[in-house]
Number of protein chains: 4
Amino acid sequence: MEDPTRREEADPEVRKRVQDSFDRQGLMAHLGARLSHIGPGRVHIVLPARPEVTQQHGYVHAGATSAIADSAGGYAAYTLFPADSEVLTVEYKINLLAPASGDHLEAVGTVLKSGRTLTVCGLEVFGVAADGTRRLVANGQQTLIRVDVKAP
Amino acid sequence: MEDPTRREEADPEVRKRVQDSFDRQGLMAHLGARLSHIGPGRVHIVLPARPEVTQQHGYVHAGATSAIADSAGGYAAYTLFPADSEVLTVEYKINLLAPASGDHLEAVGTVLKSGRTLTVCGLEVFGVAADGTRRLVANGQQTLIRVDVKAP
Amino acid sequence: MEDPTRREEADPEVRKRVQDSFDRQGLMAHLGARLSHIGPGRVHIVLPARPEVTQQHGYVHAGATSAIADSAGGYAAYTLFPADSEVLTVEYKINLLAPASGDHLEAVGTVLKSGRTLTVCGLEVFGVAADGTRRLVANGQQTLIRVDVKAP
Amino acid sequence: MEDPTRREEADPEVRKRVQDSFDRQGLMAHLGARLSHIGPGRVHIVLPARPEVTQQHGYVHAGATSAIADSAGGYAAYTLFPADSEVLTVEYKINLLAPASGDHLEAVGTVLKSGRTLTVCGLEVFGVAADGTRRLVANGQQTLIRVDVKAP
């Protein structure tokens, strides 16, 4: 597993493009998620643990865990795309390894292979306790497609 | 694909058990999702399309689509479990086939194989237009584990 | 699950194209697999159970089960492609539901969604006893990409 | 990605148990695969590129690539199991990232999470050229179950 503290920043233009797109995702705001790192080929998203994101036992719901993992991978891919393009998730697979609990979750999306059409990302989600202790709670793999946006 | 109009109901005790568990999922209420069918080995969940569940282009976010698919599969498995047990998602994989739009989404979880420890479900999500037209927007497969709850 | 006896045949030109490509797959011949049906968007492959394809307990190895499932899905997609194109597997996910045994296995690949670039297939593998009894032993989902071949 | 040269060996008893099980897999011998490393929670399998394992373009078939990846993950899990147990693959997902070519392939299975019942492994397959150059050609994730063998 890569060092989650490695924090090379993407170019300001790329970071602005990712942040602007993220801010248009109604779901991320509704869940209370926020971008915590935008690096080249690597994006982190934080989700505070709140009653609004739980499953029946009080842990964070697999659907919320997956939502931030999917977005982290999507934006990781997007950091390597040209400006006039969009990213769509083709598919992903995720294993829920441990009950997702803690002060907050942190999803890390990392580009494994960046192609002209398709990109493959690794997905990790950590449960982070109030004292900063981290535990891997989900691990996945995602395929994304780049869609070029035509000028009007 | 099975006929989504087939509507055999589960036993009242099972339906109550599923509904009670669903009502404890903070995420489902927060997303605005509700159970629309509880059959033996088959559960449907409806999610109205609202700005709170969108991605950056205004379609329903893959994370919200996945969340209802995951819950539909989990509860489909749960309908076949004994009363003193719980269900946990081990993993799932989902393909996003088309932009998820319409009046609402309907997720259908169907048990493909029910074993003593592990259950495998098929997951389908349809975008349903105001006129009732249905389109398959996501398709997946899920593995779940049964956890027996010890009496105190 | 669809009726595995439904047997609409693809056009002769398509069937020839699929058979020719299959015959160039060294692995299929080495495993002893053969095409048993080529329909539009649907391909079946049969694999006789032999010691050469087993795992450590004498059942058919997950790798052999997957190999015929992957090829069945790939050729199912290919039946819907134009003549001057190729098909590549992007990814697949497969659940091994039961020990793969019997006289032979039959893999069935079925196109779920056919797009201009990407195709998604459902994968099923049945263990077939000498008396014709069928049992689902594996179930999966696959993403494929169409690659257009340039004229020289 | 972890360093593929890290080569801590498992205990001799464990290595013997893994090698003996591998030697009972008819498919591995038939494909020409062999164990190249048995570490605690980590197993490597080498597959020479031969016409017997190809797809229609002469690259190694996704099915052969998957077969050695599945076995590498299965035996990686098995190294951490007690002696009187068996391992079965529940499911796996694999992305084919690049044409699988070279002198041989090397599959690396690594345990990500080892539980009492379920184990999750990461799967990597490298194409290795005659000069030793390595290229990641496939990447996946696998779920396995431990089955305790009863004394007779």
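Residues numbered from 1 in each chain as written. Chains lettered and ligands numbered in written order. Predicted model: local features only at pLDDT ≥ 70, side-chain atom pairs only at ≥ 80, totals over all residues. Heavy atoms only, no water.

**Thoughts on the overall build of chain A**
Here comes step 1: Per the secondary structure count, chain A includes three helices and six strands.
Here comes step 2: Secondary structure of chain A in N-to-C order comes out as α-α-β-β-α-β-β-β-β.
Here comes step 3: In terms of overall size, chain A behaves like a compact globule, its C-alpha atoms giving a radius of gyration of 15 Å where 152 residues would be expected to give roughly 15 Å.
Here comes step 4: Overall, chain A is about 50 × 30 × 25 Å in size when its C-alpha atoms are taken along their principal axes.
Here comes step 5: For chain A, the residues scored as buried account for 61% of the 152 residues in total. (Helix = DSSP H or I, 4+ residues; strand = E, 2+ residues; numbered from the N terminus. Rg over C-alpha atoms; globule rule 2.2 N^0.38 Å. Buried < 20%, exposed > 50% of the residue type's maximum accessible area, 1.4 Å probe, protein only.)

**Details of the sheet that holds strand S1 (residues 34-39) of chain A**
Here comes step 1: Strand order in the open sheet formed by 12 strands is S1(A)-S2(A)-S4(A)-S5(A)-S6(A)-S3(A)-S3(B)-S6(B)-S5(B)-S4(B)-S2(B)-S1(B), with antiparallel pairing between adjacent strands. Every interior strand has two partners, whereas the edge strands, S1 of chain A together with strand S1 (34-39) of chain B, have only one. The mean angle between the axes of side-by-side strands here comes to 25°, regardless of whether they run parallel or antiparallel.
Here comes step 2: Of the pairings in the sheet, the one linking strand S3 (residues 85-96) of chain A to strand S3 (residues 85-96) of chain B comprises five bridges and is antiparallel in character. If you follow A:Glu91 over to S3(B), its bridge partner there is B:Asn95. (Pairing = 2+ DSSP bridges. Axes fitted to C-alpha atoms, helices over the stretch in contact; angles between N-to-C directions.)

**Brief notes about the interface of chain B and chain C**
Here comes step 1: In this assembly, 12 residues from chain B lie in contact with 12 residues from chain C.
Here comes step 2: Sorting the residues of chain B by area buried against chain C places B:Lys93, B:Leu97 and B:Gln141 first, and these three jointly supply 44% of that buried surface.
Here comes step 3: Summed over the shared surface of chain B and chain C, the number is two salt bridges.
Here comes step 4: For B:Glu91, the salt bridge identified is with C:Lys93, shortest N-O distance 2.8 Å.
Here comes step 5: Seen at the junction of chain B and chain C, the total is 10 residue pairs in polar contact (both at pLDDT 80 or more).
Here comes step 6: Among the elements of the structure, S3, strand S4 (104-114) and strand S6 (134-148) of chain B are those that each provide at least two residues to the side of chain B that touches chain C.
Here comes step 7: The leading source of residues in the side of chain B that touches chain C is S6(B), at four residues.
Here comes step 8: Looking at the side of chain B that touches chain C residue by residue, the classes come out as four nonpolar, five polar and three charged. (Contact = heavy atoms within 4.5 Å. Buried area = accessible area lost by both parts, 1.4 Å probe. Salt bridge = Lys/Arg side-chain N within 4 Å of Asp/Glu carboxyl O. Polar contact = N/O pair within 3.5 Å; in protein donor to acceptor, adjacent residues only side chain to side chain. Nonpolar A, V, L, I, M, F, W, Y, C, P; charged D, E, K, R; others polar.)

**With respect to the interface of chain C and chain D**
Here comes step 1: Chain C puts 36 residues into the contact, and the matching count from chain D is 36 residues.
Here comes step 2: Where chain C abuts chain D, roughly 2,700 Å² becomes buried across the two surfaces, and 51% of that area is made up of carbon and sulfur atoms.
Here comes step 3: Of all the elements in the fold, those that place two or more residues in the side of chain C that touches chain D are helix H2 (26-31), helix H3 (62-78) and strand S3 (85-96) of chain C.
Here comes step 4: The element best represented in the side of chain C that touches chain D is S3(C), accounting for 11 residues.
Here comes step 5: Each residue belonging to the side of chain C that touches chain D can be placed in one class, and the counts come to 15 nonpolar, 14 polar and seven charged.

**Brief notes about the sheet that holds strand S1 (residues 34-39) of chain D**
Here comes step 1: Ordered by their spatial adjacency, 12 strands build an open sheet running S1(C)-S2(C)-S4(C)-S5(C)-S6(C)-S3(C)-S3(D)-S6(D)-S5(D)-S4(D)-S2(D)-S1(D), and the pairing between neighbours is antiparallel. This sheet does not close on itself; its edge strands, each paired only once, are strand S1 (34-39) of chain C together with S1 of chain D. Sheet twist, expressed as the mean angle between neighbouring strand axes with direction ignored, is 25°.
Here comes step 2: The sheet contact formed by strand S2 (residues 42-48) of chain D and strand S4 (residues 104-114) of chain D spans seven bridges and is antiparallel. Its bridge partner being in S4(D), D:His44 is matched across the sheet by D:Val108.
Here comes step 3: The strands that helix H1 (residues 12-23) of chain C touches are S1 and strand S2 (42-48) of chain C; relative to S1(C), the one it contacts most, it runs at about 155°.

**Section: the relation of the copies chain C and chain D**
Here comes step 1: Overlay of chain C on chain D (RMSD 0.0 Å): rotation 180°, translation along the axis 0.0 Å. Here the symmetry operator amounts to a two-fold rotation axis. Ranked by how close their C-alpha atoms come to the rotation axis, the residues of chain C are headed by C:Lys93, at 2.0 Å.
Here comes step 2: By residue overlap, the copies meet face to face through one surface: 100% of the interface positions of chain C are interface positions in chain D. (Least-squares fit on C-alpha atoms with pLDDT ≥ 70 in both.)

**Digging into the pattern of salt bridges**
All names here are of chain A.
Here comes step 1: Tallied over the entire structure, the rule returns 32 salt bridges over all chains.
Here comes step 2: For Glu 13, the salt bridge goes to Arg 17, with nearest N and O atoms at 3.2 Å. Here the residue Glu 13 and the residue Arg 17 both occupy positions in helix H1 (residues 12-23), the gap between them amounting to four residues, near one helical turn.
Here comes step 3: With a relative accessible area of 44%, Glu 13 lands in the partly exposed category.

**Concerning helix H1 (residues 12-23) of chain B**
Residues and elements named next belong to chain B.
Here comes step 1: Taking 1.5 Å of rise per residue, 12 residues should cover 16 Å, and H1 covers 16 Å from first to last C-alpha, within 8% of that figure.
Here comes step 2: Val 14, Arg 17, Val 18, Ser 21 and Phe 22 are the residues of H1 that are buried. All buried residues of H1 fall inside an arc of 130° around its axis, so they share one side. Residues of H1 that are exposed and point more than 90 degrees away from the buried face comprise Pro 12, Lys 16 and Asp 23. (Expected span 1.5 Å × (residues − 1). Arc of directions from axis to C-beta.)

**Description of the packing of aromatic side chains**
What characterises a pair of aromatic rings is the spacing of the ring centres plus the angle enclosed by the ring planes.
Here comes step 1: Applying the stated criterion across every chain, the model contains 14 aromatic pairs over all chains.
Here comes step 2: Put simply, the rings of A:Phe22, A:Tyr75, A:Tyr78 and A:Phe81 pair up and form one aromatic cluster.
Here comes step 3: When the ring centre of B:Tyr78 is taken as reference, the NZ or CZ atom of B:Arg17 above it lies at 4.9 Å. (Phe/Tyr/Trp six-rings, centres within 6.5 Å; stacked < 30°, edge-to-face > 60°. Lys NZ or Arg CZ within 6 Å of the ring centre and 35° of its normal.)

**Topic: the confidence of the model for chain A**
Low-confidence regions, as indicated by low pLDDT, have predicted coordinates that should not be scrutinised in detail.
Here comes step 1: Per-residue confidence for chain A gives a mean pLDDT of 94, with 95% of residues at or over 70.
Here comes step 2: Across the assembled chains, the prediction reports ipTM 0.92 with pTM 0.94. (pLDDT = per-residue confidence, 0-100.)

**Remarks on the pairing of strand S5 (residues 118-128) of chain A**
Successive side chains on a regular strand alternate, one facing one side of the sheet and the next facing the other.
Residue and element names in this part refer to chain A.
Here comes step 1: Most of S5 sits out of view: 11 of its 11 residues are buried.
Here comes step 2: By the alternation rule, side chains of S5 split into Leu 118, Val 120, Gly 122, Glu 124, Phe 126 and Val 128 and Thr 119, Cys 121, Leu 123, Val 125 and Gly 127, which are all buried.
Here comes step 3: Across 11 bridges, the pairing between S5 and strand S6 (residues 134-148) is antiparallel. From the neighbouring strand, Leu 123 faces S6, where its bridge partner is Gly 140.
Here comes step 4: Counting the residues in the hairpin turn of S5 and S6 gives five residues, including Gly 132, whose phi is positive at 90°.

**Re the side chain of B:His30**
Here comes step 1: In this fold, B:His30 is placed in helix H2 (residues 26-31).
Here comes step 2: Discounting residues that sit within four places of it in the chain, B:His30 has contacts with A:His30, A:Leu31, A:Arg50, A:Glu52 and B:Arg50.

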